[in-house]
Amino acid sequence: MNRHPSALFLTEHLRTKIGSARKLCVAFSGGLDSTVLLAGLAQLRDNQIPDLRLRALHVHHGLSQFADDWAKHCHDFCQLWNIGLSVIKVQVNARDGGIEAAARAARYQAFSTQLEEGEVLLTAQHLNDQCETFLLALKRGSGPAGLSAMSADSMELGYRLMRPLLDLSRDQLEEYADQHQLTWIEDDSNRDARFDRNFLRLDILPPLYARWPHFAQSTARSASLCAEQESLLDELLSESLTALTDEQGSLSVEGMESFSAARRFALLRRWLAGRGAKMPSREQLQRVWDEVALSREDAQAQLQLGSLVVRRFRQRLYLLPQYSSLKDQIISWDPADKLLLPDALGVLSVSAIRDAGDENCVIRQPRAGETITVRFHASGMIEKVGRDRARQAKKLWSELGVPPWQRDRIPLVYYNEQLIAAPGWFITRQALAENNEEQWRLLWSVAQ
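Under an unreviewed UniProt entry, the protein chain has the name tRNA(Ile)-lysidine synthase and belongs to Rahnella laticis. What UniProt records for the protein chain under Subcellular location (unreviewed entry) is the sentence "Cytoplasm". Under Catalytic activity (unreviewed entry), UniProt gives the following word-for-word description of the protein chain: "cytidine(34) in tRNA(Ile2) + L-lysine + ATP = lysidine(34) in tRNA(Ile2) + AMP + diphosphate + H(+)".

A closer look at the UniProt feature "binding site: ATP" (unreviewed entry) in the protein chain
In the numbering used here, UniProt assigns the "binding site: ATP" (unreviewed entry) feature to Ser29, Gly30, Gly31, Leu32, Asp33 and Ser34. Residue position: Ser29 is located in the loop between β1 (23–27) and α2 (32–47). Residue classification places Ser29 among the partly exposed residues on the basis of a relative accessible area of 44%. Filtering out sequence-adjacent residues up to four positions away, Ser29 remains in contact with Ser34, His58, Cys74 and Ile185. At a separation of 3.1 Å, a polar atom in the side chain of Ser29 contacts the main-chain amide nitrogen of Gly31. Assignment of secondary structure puts Asp33 in helix α2. Setting aside residues up to four positions removed in sequence, Asp33 forms contacts with Ala124, His126, Asp129, Leu165, Arg170 and Leu173.

Observations concerning the nonpolar core
Across soluble globular proteins, nonpolar side chains show a tendency to be buried alongside one another. Within the largest apolar cluster, 36 residues are counted, with the highest numbers of intra-cluster contacts made by Ile18, Leu24, Leu38, Leu41 and Leu122. Considering each element in turn, this core owes the most residues, eight residues, to α2. Leave out the neighbours within four places in its chain, and Ile18 touches Leu24, Leu41, Leu44, Ile49, Leu52, Leu122 and Met162. Among the nonpolar cores identified, the runner-up in size contains 25 residues, and Leu241, Leu251, Val288 and Leu305 belong to it.

What counts, and at which threshold
- Residues numbered from 1 in each chain as written.
- Predicted model: local features only at pLDDT ≥ 70, side-chain atom pairs only at ≥ 80, totals over all residues.
- Heavy atoms only, no water.
- UniProt positions renumbered as here; feature names shortened; annotations may be inferred.
- Helix = DSSP H or I, 4+ residues; strand = E, 2+ residues; numbered from the N terminus.
- Buried < 20%, exposed > 50% of the residue type's maximum accessible area, 1.4 Å probe, protein only.
- Contact = heavy atoms within 4.5 Å.
- Polar contact = N/O pair within 3.5 Å; in protein donor to acceptor, adjacent residues only side chain to side chain.
- Core = buried A, V, L, I, M, F, W, Y, C linked by side-chain atoms within 4.5 Å.

Take a look at the structure:
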């Protein structure tokens, strides 16, 4: 075993950081940082923790002409250190917030699909990376949540993510690599100051480090204090957020009207974060409240946040995906077969009536000359069974408590041009059997 002090320092540091975790997967770019992390963990496995399961993932972005060479370098390194390696090729869409953000999103999406059950992902960001992340958040005008920068151990992406090198500087990692004669990749794009992070790293931070040698440690401490404040706010607001949120995850507008703007925005941030939304700006939060929460009931206001949309219905806010429109779709259906509905909405089918009391969505079978279609939009007057008179479609959906965004996603069964049933919601007077007509039960199995 190599007894050089820096080798012992790194392995003991990593041993402390990983704790009881034994299934580790390293995000391995082949650069200095991930090379040191992977080599240090391999030494820990070989010399101290023999039951440590270690493997690596290399994401092949295809953005550089050297991408194939980098993948081969990673393969050779892992073979030398007896570490399993998977290379994942991804497509990067630069329209997703710029090339840096898009590449990062593609990487973490790839990681999420490749991790095994119980496996912990380790990434190699270090102290200087944390400083850069803090300054980038400061540039964006972020609050304490954004200024918290990167967490050393989190579950925010749906799996456990550890960053065990956040306490160590790049100089320390370079010293370790030189002592162990490690070779690594130098990404040519790291010299391109057009990218914000590179601009900080190349042009801004060197003079700051020269004047204030502990600048990186100071910003990391500030990030840690911001994280503590956010954690405290989470605790203090948890009870209120739970009381304001129902089983569907919607948030009460009325319940927040008496709160101060600061408390209201803090609750909105936590509600949105808990539902998977990208952290909104202060301006976006103000618009959520002014344009959606306080809009007229019939306005159907909405605000897009990334791939999600904030909408309001009956004094509650909902965070929803952007649904594709099915309003104009007309699907012919032969009930001898089950019908797979579009947009993952489930399956329609019919079944025999089991007994006289089995009246759940029982409709007559089509008469001679009637064809069956399934549609997703109704207009005009609807004669719902159980109502004393016909209602306008919009008014009926409102009476049934169906939000506007769901109304064009409920399958409607038509015989010719006559609406017969909305399975699970109602049948019309025209669906009732006459003179002992044959009937069947209509079933809508909703996709989960």
